[in-house]
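Survey of secondary and tertiary structure
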There are 2 protein chains.
Amino acid sequence: MHVNILLFEGLTQLDMTGPYEVLANAPGFTVDFVSKSLDPVRCDRGLKFLPTQTLASATQCDLLVVPGGPGTDDAIVDADWVAFTRQQGLAAQYLFGICTGSLLLGAAGLLRGKRASSHWRARELLSRFGAIPTDERLCVDGNTYTAGGVTSGIDMGLKVVAALCGDDVAKLIQLQIEYDPKPPFPGGTPATSEPAIVERYLAMSQARFDRRAALVDRAAATMP
Amino acid sequence: MHVNILLFEGLTQLDMTGPYEVLANAPGFTVDFVSKSLDPVRCDRGLKFLPTQTLASATQCDLLVVPGGPGTDDAIVDADWVAFTRQQGLAAQYLFGICTGSLLLGAAGLLRGKRASSHWRARELLSRFGAIPTDERLCVDGNTYTAGGVTSGIDMGLKVVAALCGDDVAKLIQLQIEYDPKPPFPGGTPATSEPAIVERYLAMSQARFDRRAALVDRAAATMP
């Protein structure tokens, strides 16, 4: 099972590093990190990663993994990223979008008529790509796995491994990464966080949402 | 608040990338990734990261973050890593060990008489450094935060941010990273995973445990 993880500037690194830890622990999985060049790629918070393949050199994967983050907003209007995602996505056995990574799957025309999830703040935008947005943390529609924001990629990574390798392999990895989470606070979704926290977050993220929505409209207009 | 995250070959990247996502979202936090040189550092599963400082160039941090992984076993018997960890750790306001990262804090003589946690498979070894092992996922003793295996670093990152910036900042970050975890299986600790899974994991990890225990003994013999 060969995995290509897309690595574009400005990605939210935990979208990718969470599920990577799970997938890379599965027996028989090989992973490439694909970018426009082999230059280091900077995540939205500064940490830099080294890609292993370019858009030109990458081989066809069995599982395509698309992380999200501010960088996804630019990737959805970038013809190279959209074309690569479409080409790989059409031939891959499985698609896996985490957080706003599902917007790039959408922009590549891969979510038409499918149920899909995304970061809670961006989910509604999926409909502009012909997808059916759900507020599930873990949404599975056929061969397409889409997770909610950031940390949901870990939960979904385990679900993907369970589907591909069996439950026991996923359970072993869960024990290896000691994944019996104990968040110090209740919350983490608009339904479970305190209303005052949700209101602050909505206000803080409004400008980014507006920019993202405009880019989604541009991407939807040229969706293949 | 300046954070130094130790980046040694063979670290388990999610030990570090999980809490990094939380800490880097906290207002006023700056983060350096410190390694022996500025060459890329390879994690145990292959992904390569770029450090931002060397042991020689790093400034004193307020918060020292030590991830774990197979690479920690070598770092605890490496005089340069031990000396750097001790020097930074003695002057830092806060220490934060994730997974087997607490073994390096121990090897640097920073856990004597303190309660501390680690990956469940390695916890007992902490006593050889004069620490008091606990089976808590999140262990706080004074200024020293030690978390259990891998993913517990996310939970503990939120606890660290709450202590340093207040609960509301941590709750906002929890909502940003949509951390309302829903593992697809119960489990993730020896107490919650199915006994057959725990037995398989114990058998699989015996050789690594034996190697680690021998290295811990070597490190304990020269603990500063």
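Every chain is numbered independently, its residues counted from 1 as its sequence is written. A letter from A marks each chain and a number from 1 marks each ligand, given out in the order of writing. Whole-chain, interface and lining totals are the exception, using all residues; otherwise, since this is a predicted model, local features are given only for residues with pLDDT of at least 70 and side-chain atom pairs are given and counted only at 80 or more. Side-chain measures here rest on the full set of heavy atoms in the structure, leaving out hydrogens and waters.

Some details on the pattern of salt bridges
Applied cut-off: Each reported salt bridge corresponds to a side-chain nitrogen of Lys or Arg within 4 Å of a carboxyl oxygen of Asp or Glu. Under the scheme applied here, a residue whose accessible area is under 20% of the maximum for its type counts as buried, over 50% as exposed, and between as partly exposed, the area being computed with a 1.4 Å probe on protein chains only.
Tallied over the entire structure, the rule returns 22 salt bridges over all chains. The closest approach of N and O atoms between B:Asp180 and B:Lys182, which form a salt bridge, is 3.4 Å. The exposure class assigned to B:Asp180 is buried, which follows from its relative accessible area of 17%. What makes B:Lys182 partly exposed here is its relative accessible area of 43%. If you follow the salt bridges from partner to partner, you end up with A:Lys36, A:Asp78 and A:Asp80 in one network.

Here's the deal with the nonpolar core
The test is simple: Buried Ala, Val, Leu, Ile, Met, Phe, Trp, Tyr and Cys residues form a nonpolar core when they are joined through side-chain atoms within 4.5 Å. Two residues qualify as a contact provided that any one of their heavy atoms is within 4.5 Å of a heavy atom in the partner residue.
Counting 145 residues, the largest nonpolar core has A:Leu6, A:Leu23, A:Phe96, B:Leu6, B:Leu23, B:Ile76 and B:Phe96 as the members making the most contacts within it. In contact with B:Leu23, not counting residues within four places along its chain, are B:Val3, B:Phe29, B:Leu63, B:Val65, B:Phe96, B:Gly157, B:Val160 and B:Val161.

What about the interface of chain A and chain B?
Here is the rule we go by: Note on definitions: buried area is the accessible-area loss of two parts on being combined, 1.4 Å probe, summed for both. Here a polar contact is taken to be a pair of N or O atoms separated by no more than 3.5 Å, where protein atoms must pair a possible hydrogen donor with a possible acceptor and residues adjacent in sequence count only if both atoms sit in side chains. Under the convention adopted here, Pro, Cys and the residues Ala, Val, Leu, Ile, Met, Phe, Trp and Tyr are nonpolar, Asp, Glu, Lys and Arg are charged, and Gly plus all remaining residues are polar.
Listed per partner, the contact involves 64 residues of chain A and 64 residues of chain B. Taken over both partners, the interface formed by chain A and chain B buries close to 5800 Å², and the fraction arising from carbon and sulfur atoms is 61%. Its largest share of buried area at the contact with chain B, chain A owes to A:Leu175, A:Glu178 and A:Phe185, together 14% of the area lost on that side. Run the count over chain A and chain B and you get six salt bridges. The partner of B:Glu194 in a salt bridge is A:Lys171, with the nearest N and O atoms 2.6 Å apart. In this assembly, chain A and chain B are joined by 43 residue pairs in polar contact (both at pLDDT 80 or more). Class assignment of the residues belonging to the side of chain A that touches chain B gives a composition of 31 nonpolar, 18 polar and 15 charged.

Quick word on the sheet that holds strand 11 (residues 144–147) of chain B
Backbone hydrogen bonds are what pair the strands of a sheet, in a parallel or an antiparallel way. Using the following cut-off: Two strands pair under a simple rule: DSSP has to find at least two bridges between them. The way it works is that DSSP assigns letters per residue, a run of H or I at least four long becomes a helix, a run of E at least two long becomes a strand, and they are numbered from the N terminus.
Judged by pairing direction, the sheet is mixed, and its seven strands sit side by side in the order 5-2-1-6-7-11-10 (chain B) without closing on themselves. The strands lining the two open edges of the sheet, one partner per strand, are strand 5 (53–54) and strand 10 (138–141) of chain B.

Some remarks on the relation of the copies chain A and chain B
Our working rule: Superposition of the copies used a least-squares fit over C-alpha atoms from residues whose pLDDT is at least 70 in both.
With an axial shift of 0.0 Å and an RMSD of 0.0 Å, the rotation relating chain A to chain B amounts to 180°. Such values leave the two copies arranged in the relation of a two-fold axis. Taking C-alpha positions as the reference, the residue of chain A nearest the rotation axis is A:Phe49, at 2.3 Å. Interface overlap between copies is the fraction of interface residues in one copy that are interface residues in the other; for chain A against chain B it reaches 100%, indicating a shared surface.

Description of the layout of surface pockets
Rule in force here: Both cavities and pockets are sets of points on a 1 Å grid over the protein atoms alone; in a cavity a 1.4 Å probe fits but cannot get out, in a pocket the set is open with protein on both sides within 12 Å along at least five of seven lines, and lining residues sit with an atom within 4 Å of a point. Grid points are joined across faces, edges and corners, and a volume is the space filled by probe spheres set on the points.
Put simply, the largest pocket is a space of about 290 Å³. Lining the largest pocket are 15 residues, with A:Arg45, A:Tyr201, A:Met204, B:Asn25 and B:Gln176 positioned closest to its centre. Of all the secondary structure elements, the ones that give two or more residues to the lining of the largest pocket are helix 7 (195–204) of chain A together with helix 6 (167–176) of chain B. Looking at which element gives the most residues to the lining of the largest pocket, the answer is helix 6 of chain B, with four residues. Per-class residue counts for the lining of the largest pocket are six nonpolar, four polar and five charged. Of the volumes computed, that of the second largest pocket is approximately 240 Å³. Taken together, A:Asn25, A:Pro27, A:Val169, A:Leu172, A:Ile173, A:Gln176, B:Arg45, B:Arg200, B:Tyr201, B:Met204, B:Ser205 and B:Arg208 make up the lining of the second largest pocket. Of all the elements in the fold, those that place two or more residues in the lining of the second largest pocket are helix 6 (167–176) of chain A together with helix 7 (195–204) of chain B. Counting residues per element, the lining of the second largest pocket draws most heavily on helix 6 of chain A, at four residues. Taken together, the residues that form the lining of the second largest pocket break down as six nonpolar, three polar and three charged.

Section: the packing of aromatic side chains
Residues and elements named next belong to chain B. The following threshold applies: When the centres of two rings from Phe, Tyr and Trp lie within 6.5 Å, Trp using its six-membered ring, the rings pair. Their planes under 30 degrees apart give stacked, over 60 give edge-to-face, and anything left gives tilted.
For the coordinates displayed, the defined rule picks out nine aromatic pairs over all chains. The interplanar angle of 80° and the centroid separation of 5.6 Å between the aromatic rings of Phe 8 and Trp 81 together place this pair among those described as edge-to-face. With Phe 8 in the loop between strand 1 (2–6) and helix 1 (13–24) and Trp 81 in helix 3 (residues 79–91), the pair connects residues that are 73 residues apart, well separated along the chain. Between the aromatic rings of Trp 120 and Tyr 201, the centroid separation amounts to 5.3 Å while the plane-to-plane angle is 50°, which identifies the pairing as tilted. With a gap of 81 residues between them, Trp 120 in the loop between strand 8 (115–116) and strand 9 (132–133) and Tyr 201 in helix 7 connect regions that are remote in the sequence. According to the relative accessible area criterion, Tyr 201 is buried, its value standing at 6%.

Structural notes on the confidence of the model for chain A
In plain terms, the rule: Values of pLDDT, the confidence the predictor places in each residue, fall between 0 and 100.
Residues of chain A with pLDDT of at least 70 account for 100%, and the chain-wide mean is 97. Reported confidence for the predicted complex is 0.96 by ipTM and 0.97 by pTM.

With respect to the packing of helix 5 (residues 152–165) of chain A against helix 6 of chain A
Residue and element names in this part refer to chain A. Which entries qualify depends on this criterion: Axes here mean lines fitted to C-alpha atoms, for a helix over just the part in contact, with angles spanning 0 to 180 degrees between N-to-C directions.
Running from N to C, helix 5 and helix 6 cross one another at 145°; their axes reach a closest spacing of 6 Å. Residues Leu 158, Val 161, Ala 162 and Cys 165 of helix 5 lie in contact with helix 6, whose contacting residues are Asp 167, Val 169, Ala 170, Ile 173 and Gln 174. When the residues that make up the contact of helix 5 with helix 6 are grouped by side-chain class, the tally is seven nonpolar, one polar and one charged.

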